[in-house]
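A look at the structure
Chain by chain, the residues run as shown.
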Amino acid sequence: MSLTQCPNCSRRCFTDAAYCPNCFQTFRPGLLQAFAVAEEKAFGVKTNALFLSLFMIWLAVLLFFQLQPH
Ligand SMILES: [Zn+2]
């Protein structure tokens, strides 16, 4: 189960939902899953870059505290 945006009202909803909890738009089975995959492809590169930079910051902080004398 994952979250995606409703194609109708652009609010967050689950990919396996039968209808949107916000605007009550009903979905064909697999429609939101396909929409989520398309969304993932569109924003995947940007999201990966963001997570990578956050990971690098976390790693730098971790190394900094590791190198502190106890
Ligand atoms: Zn909706």
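These lines cover the structure that appears in this document, whether it is placed above or below. In this text, all values refer to a predicted model and were calculated from it rather than measured experimentally.

A few words on the overall build of the chain. The helix and strand tally for the chain stands at one helix and two strands. Put simply, the chain runs from its N terminus to its C terminus through helices and strands in the order β-β-α. Its C-alpha atoms give the chain a radius of gyration of 19 Å, more than 25% over the compact-globule value 11 Å for 70 residues. Within the chain, contacts between residues separated by at least 24 positions form 17% of all contacts whose residues are at least 6 apart in sequence.

A few words now on helix 1 (residues 31-66). Along helix 1, the helix axis deviates most sharply at Phe 43, where the bend reaches about 55°. Little of helix 1 is tucked away, with one of its 36 residues classed as buried.

So, about the environment of Cys 23. Note that Cys 23 resides in the loop between strand 2 (12-14) and helix 1. Assessed through the 12 C-beta atoms surrounding it within 10 Å, Cys 23 is described here as exposed. Placed 37 residues apart in sequence, Cys 23 and Ala 60 show a C-alpha to C-alpha distance of 44 Å. Once you skip the residues sitting within four places of it in the chain, Cys 23 turns out to touch Cys 6, Asn 8 and Cys 9.

The next point concerns the environment of Arg 28. For Arg 28, the location among the structural elements is in the loop between strand 2 and helix 1. Residue classification places Arg 28 among the exposed residues on the basis of 8 C-beta atoms within 10 Å. Between the alpha carbons of Arg 28 and Ala 17 there is a distance of 9.5 Å; along the sequence they are eleven residues apart.

This part is about unusual backbone geometry. Generally, phi is negative for residues other than glycine and the peptide bonds are trans, each holding for most cases. Even without a glycine there, the phi angle at Ser 10 is positive, about 65°. Along the chain, the position of Ser 10 falls in the loop between strand 1 (3-5) and strand 2.

For Gln 25, the position within the fold is in the loop between strand 2 and helix 1. Given 14 C-beta atoms within 10 Å, Gln 25 falls into the partly exposed group. In this structure, the C-alpha to C-alpha distance between Gln 25 and Cys 6, residues 19 residues apart in sequence, is 8.5 Å.

Analysis parameters
- Residues numbered from 1 in each chain as written.
- Predicted model: local features only at pLDDT ≥ 70, side-chain atom pairs only at ≥ 80, totals over all residues.
- Helix = DSSP H or I, 4+ residues; strand = E, 2+ residues; numbered from the N terminus.
- Rg over C-alpha atoms; globule rule 2.2 N^0.38 Å.
- Contact = placed C-beta atoms within 7 Å.
- Bend = angle between axes of the 7 residues up to and from the residue.
- Buried ≥ 20, exposed ≤ 12 C-beta atoms within 10 Å, placed from the backbone.

Any functional reading would require information beyond the geometric quantities listed.
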